[in-house]
Amino acid sequence: MAILSKDESQAILKKVLGFSKADECQANLSGRTTGNVRYARNSVSTAGGTDNVSLAVEARFGKRSGIATCNEFDDATLKRCVQRAEEIARLAPEDAEYMPLLGPQQYLTPTAYAASTAAITPDFRAQAAGDSIALCTAKNLTAAGYLEDGAYFQALRNNKGLEAYQQSTNVDFSITVRTPDGTGSGYATADYTDAAKFNAKNLTQLAADKAAGSRNARALEPGKYTVILEPAALASDEGLLNNLMYSLGAREADEGRSFLSKKGGGNKVGEKLFDERITIYSDPLNAEVPSGVFDGEGLPVKRMTWIDKGKVSNLYYSRFWGQKSGKPATAFPGNWIMEGGTQSVQDLIKGTAKGILVTRLWYIRDVDPQTLLYTGLTRDGTFYIENGQIKFPIKNFRFNESPVIMLNNVEAIGRPVRIGGNLVPPLKIRDFTFTSLSDAV
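If you're wondering where the values come from, they're calculated on a predicted model, not measured in any experiment.

Asker: Lay out the pairing of strand β4 (residues 142-158) in plain terms, naming residues and giving numbers.
Answerer: Most of β4 is tucked away, with 12 of its 17 residues classed as buried. By the bridge criterion, 14 bridges tie strand β1 (residues 24-40) to β4 in an arrangement that is antiparallel. Looking across to β4, one finds that Tyr39 is bridged to Gly145. Looking at chain direction, β4 and strand β5 (residues 163-178) are connected through 16 bridges and run antiparallel.

What follows is the structure, given as structure tokens:
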């Protein structure tokens, strides 16, 4: 019963609310059906799947609240779950930042579900892994990859009249390819709403080419270089632009804890902080990266521009901070989209006299939250560029860099591609700071 329809979901939630004696009650029903395959050293190591539906009930008495969960849906279990939430609420301290539950909302029609992804079978996953392994075996390379796909739903309902439902699908793939002697490494990653767009062979070929090409890396002196950052270096789980987008909170800025804090109080909304070519927005209905149309509280997710031609346009406002600041609350978006041009990574390389191509960054850690300064390492394919061509592989670097400074040193913006549910272009950046060498591949 992992993926319930809107009617099936709301029928359960209506029953849950009928058991409640609390001043306010909200129920969140969510479910997923997922599958995965993992392989390493050119052999499948694990494969599996999950199938689950879970209910979370929040009960409120005044400013006190309690939450209880269950994953069985007979009347007795549902009633006990509601009672448990109410028991917890009566014992809880008052919430100093209490906000009443939302009433009825208007939502966009979600587009983040693809039947092709929901229909993926173990045979599909096995074929993808087999194709990837076969390609690497034929080239005397070693592959380690992970493929996960899933179909999901979420339904909300409360006793204030709010009702919401959405479905989504996703397929996520990543692969690292190594040379037999361990001196060369390549990486590729991609994710899709629609599995029909997924091609394991193509992605494996990208990683294999980088692995074979990164043998016998040479050492360059640390310093400031022109770099081409591939999208995976910008917006994967550990990416500099991801860190920037998660730092656009209004409260942190207003309280003086952010790079967006203004001397004397307030924030820098409306100020030009980046190159005028930088525009970043969110759009739940974007055809390439569709996302959810409501957040966990039931706030509608709408198109929102965060950075417009270099100026900070909007910040994230929680309901509490929005009320305190006299600003509308902002649902946390499910994606972000950076506008770009038409150039591929290869086009950017051709236009570079001297520079460094960076496939990926990892082990990124905060250095200074006030300036968004981060440190981390390159990995899985770092190359020296000269006269528009890749000349040779180079040893990895540790970097110290801020995405704020980086987005003021933009030389070129490429064509956006989907990475981690976002649309991100490759960037050519001048004066990117490398501080030391790393022997890791």
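Asker: Residue-level account of the domain arrangement of the protein, with values.
Answerer: Domain boundaries in the protein define domain 1 (6-210) and domain 2 (217-441). For domain 1 and domain 2, the distance between their C-alpha centroids amounts to 25 Å. Listed by partner, the interface residues are 35 residues for domain 1 and 33 residues for domain 2. With both sides pooled, the region where domain 1 packs onto domain 2 buries about 2,800 Å², and carbon together with sulfur makes up 55% of that total. Counting across the domain 1 and domain 2 interface gives 4 salt bridges. In this structure, Glu230 engages Lys210 in a salt bridge whose closest nitrogen and oxygen atoms are separated by 2.4 Å. Connecting domain 1 to domain 2 are 13 residue pairs in polar contact (both at pLDDT 80 or more). Counting residues per element, the ones that place at least two in the side of domain 1 that touches domain 2 are β4, β5 and β6 (185-192). For the side of domain 1 that touches domain 2, the residue count by class is 15 nonpolar, 15 polar and 5 charged.

Asker: Got a sec to walk through helix α2 (residues 75-91)? Specific residues and values, please.
Answerer: Look at α2: 25 Å from first C-alpha to last across 17 residues, which is about the 24 Å you get at 1.5 Å a residue. Within α2, the full set of buried residues consists of Leu78, Cys81, Val82, Ala85, Glu86 and Ala89. Down the axis, α2 shows its buried residues gathered within 130 degrees of arc, on one side only. Exposed residues lying more than 90 degrees from the buried face of α2 are Ala76, Arg90 and Leu91.

Asker: Residues and numbers for the layout of surface pockets, please.
Answerer: Volume-wise, the largest pocket comes out at about 990 Å³. Around the largest pocket sit 36 residues that line it, and Thr189, Leu203, Leu206, Glu230 and Val417 are the ones nearest its centre. Of all the secondary-structure elements, those providing two or more residues to the lining of the largest pocket are β6, α5 (200-213), α6 (231-235), α10 (345-350), β12 (354-368) and β17 (417-419). Looking at the lining of the largest pocket residue by residue, the classes come out as 18 nonpolar, 9 polar and 9 charged. Summarising the domain contributions, the lining of the largest pocket has at least three residues from each of domain 1 (6-210) and domain 2 (217-441). Quantified by volume, the second largest pocket comes out at close to 640 Å³. In this structure, the second largest pocket is lined by 32 residues; those nearest its centre are Asp172, Ala235, Ser236, Asp237 and Gly420.

Asker: Summarise the packing of helix α1 (residues 6-19) against α2; cite the residues concerned and give the values.
Answerer: α2 packs onto α1 with a crossing angle of 50 degrees between their chain directions and a minimal axis gap of 9 Å. If you check the angle between α1 and α2, you find them oblique. Crossing angle aside, the handedness with which α1 passes α2 is right-handed. For the pair α1 and α2, contact is made by Ile12, Lys15, Val16 and Phe19 and by Asp75, Leu78, Lys79, Val82 and Glu86, respectively. Looking at side-chain class alone, the contact of α1 with α2 contains 5 nonpolar, no polar and 4 charged residues.

Each value, and the rule that gives it
- Residues numbered from 1 in each chain as written.
- Predicted model: local features only at pLDDT ≥ 70, side-chain atom pairs only at ≥ 80, totals over all residues.
- Heavy atoms only, no water.
- Buried < 20%, exposed > 50% of the residue type's maximum accessible area, 1.4 Å probe, protein only.
- Helix = DSSP H or I, 4+ residues; strand = E, 2+ residues; numbered from the N terminus.
- Pairing = 2+ DSSP bridges.
- Domains from an automatic or database assignment.
- Contact = heavy atoms within 4.5 Å.
- Buried area = accessible area lost by both parts, 1.4 Å probe.
- Salt bridge = Lys/Arg side-chain N within 4 Å of Asp/Glu carboxyl O.
- Polar contact = N/O pair within 3.5 Å; in protein donor to acceptor, adjacent residues only side chain to side chain.
- Nonpolar A, V, L, I, M, F, W, Y, C, P; charged D, E, K, R; others polar.
- Expected span 1.5 Å × (residues − 1).
- Arc of directions from axis to C-beta.
- 1 Å grid on protein atoms, 1.4 Å probe; cavity = no way out; pocket = protein on both sides within 12 Å on 5 of 7 lines; lining within 4 Å.
- Points joined across faces, edges and corners; volume = space filled by probe spheres on them.
- Axes fitted to C-alpha atoms, helices over the stretch in contact; angles between N-to-C directions.
- Parallel < 35°, antiparallel > 145°, perpendicular 65-115°, else oblique.
- Left-handed = near helix turned anticlockwise from the far one by under 90°.

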